[in-house]
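An overview of the molecular structure
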Amino acid sequence: MRRYLPELWERREFVYELARCTLRGQNYTNVFGQLWLVLNPLLMGCVYFVLVDIINGSKHASNYFAVLLAGLFLYTFFSSMLSQSAGSIIGSSRLVLNSRLPRLVMPITQMVIAFFRFAPSLIVLLVVHELQHVHWGVAAFYAIPAFLEVAMFGAGLGFICATAQVYFRDFSNFLPYVTRIWMFLSPVLWQLNQVLGKHDLKAHLLPLNPLSPMIGTWGDALVYNVAPPYSWLLQGLAWGLCTLIVGTFVFVRREREFSVRL
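Thresholds applied
- Residues numbered from 1 in each chain as written.
- Predicted model: local features only at pLDDT ≥ 70, side-chain atom pairs only at ≥ 80, totals over all residues.
- Heavy atoms only, no water.
- Helix = DSSP H or I, 4+ residues; strand = E, 2+ residues; numbered from the N terminus.
- Buried < 20%, exposed > 50% of the residue type's maximum accessible area, 1.4 Å probe, protein only.
- Expected span 1.5 Å × (residues − 1).
- Axes fitted to C-alpha atoms, helices over the stretch in contact; angles between N-to-C directions.
- Parallel < 35°, antiparallel > 145°, perpendicular 65-115°, else oblique.
- Left-handed = near helix turned anticlockwise from the far one by under 90°.
- Contact = heavy atoms within 4.5 Å.
- Nonpolar A, V, L, I, M, F, W, Y, C, P; charged D, E, K, R; others polar.
- Phe/Tyr/Trp six-rings, centres within 6.5 Å; stacked < 30°, edge-to-face > 60°.
- Core = buried A, V, L, I, M, F, W, Y, C linked by side-chain atoms within 4.5 Å.

**Some remarks on the environment of Ile 160**
- Position of Ile 160 relative to the elements: it lies in helix 8 (residues 143–167).
- According to the relative accessible area criterion, Ile 160 is partly exposed, its value standing at 30%.

**Details of helix 8**
- For helix 8, with 25 residues, the first-to-last C-alpha span of 36 Å sits near the 36 Å given by 1.5 Å per residue.
- The buried count for helix 8 comes to 20 of 25 residues, which makes it a mostly enclosed element.

**Here's the deal with unusual backbone geometry**
- Even without glycine at this site, Asn 225 takes up a positive phi of about 55 degrees.
- Mapped onto the elements, Asn 225 comes out in the loop between helix 12 (211–224) and helix 13 (230–254).

**Some words on the packing of helix 7 (residues 105–131) against helix 8**
- Two elements in contact, helix 7 and helix 8, have axes separated by 10 Å at closest approach and are oriented at 140 degrees. The angle between the axes of helix 7 and helix 8 places the two elements in the oblique class. Crossing of helix 7 over helix 8 shows right-handed handedness. Taking contact as the criterion, the partners of Pro 107, Ile 108, Met 111, Phe 115 and Phe 118 in helix 7 are, on helix 8, Phe 147, Gly 154, Ala 155, Gly 158, Phe 159 and Ala 162.
- Grouping the amino acids of the contact of helix 7 with helix 8 by side-chain chemistry returns nine nonpolar, two polar and no charged.

**Observations concerning helix 7**
- Taking 1.5 Å as the rise per residue, helix 7 with 27 residues should run 39 Å; its terminal C-alpha atoms sit 40 Å apart, in good agreement.
- Trailing helix 7 by a residue or two, His 133 shows a phi angle of about 55 degrees, which is positive.

**Some thoughts on the packing of aromatic side chains**
- This structure, assessed with the given rule, holds 15 aromatic pairs.
- Here the aromatic rings of Tyr 16 and Phe 116 are separated by 6.2 Å at their centres, their planes lie at 85 degrees, and the arrangement is edge-to-face. Of the two residues, Tyr 16 sits in helix 2 (residues 12–25) while Phe 116 sits in helix 7, which places them 100 residues apart along the sequence.
- With a relative accessible area of 27%, Phe 116 lands in the partly exposed category.

**Let's talk about the nonpolar core**
- Of all hydrophobic cores here, the largest spans 61 residues; its most connected members are Tyr 75, Phe 77, Phe 78, Ile 89, Leu 211, Trp 218 and Phe 251.
- Listing elements by their share of this core, those giving two or more residues are helix 1 (4–10), helix 3 (31–55), helix 4 (64–86), helix 7, helix 8, helix 9 (171–184), helix 12 and helix 13.
- Ranked by residues supplied to this core, first place goes to helix 4 with 16 residues.
- Discounting residues that sit within four places of it in the chain, Tyr 75 has contacts with Thr 179, Arg 180, Trp 182, Met 183, Ser 186, Val 188, Leu 211 and Ile 215.

Spelled out as structure tokens, the structure:
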């Protein structure tokens, strides 16, 4: 790792350029492509708002749409990291076979692409906050460590997914169902504080989800402008660091076999 990590750091410009060229190839650098990056998360939020708040008839606070968008955007970034990382080695098989790059470059590039796609959704969230008169304050900065924890957690799982995809080619077909179920078990369509306040079986099980403290911190900071419990921050940090370390070692340990498996 002492030689591997410095070599990986030296490829940071390559990662950025590869991510930018990939987005350009997918027409995300023109006007309509960038417009779609904004419209897509907004339309997705509207769909879930209609299903949960209108059709289901649930009673929520007036700022529920902002809460829904905040959690949905962050979870979409997380699920994109997993899904895109899973196919990173298979999709770059020629580059893997004909170069001496650290193979970890491939999933990291896909994570950078996921971030580039996530960034425009923050514009949508800002506009919705202004329309719903959500007040900003110092507590909103707690969203930064929450985002970093989700990024570390997603990166670690992304490395594991990229490794699994090399050995099990049908893994990418199974992954979307896992991420979809995981979303309903995470505080995206519901609020973590409300579930914890009921003191029932669900209140004890759902917080065991690693994403619960991270998304809960993110929503409380951005929408309610309140400081989250420090236990949430510590739990998210523990999950993020441990998963990142384990995922990195799993990937690096197996990457020598990728050329044979491809």
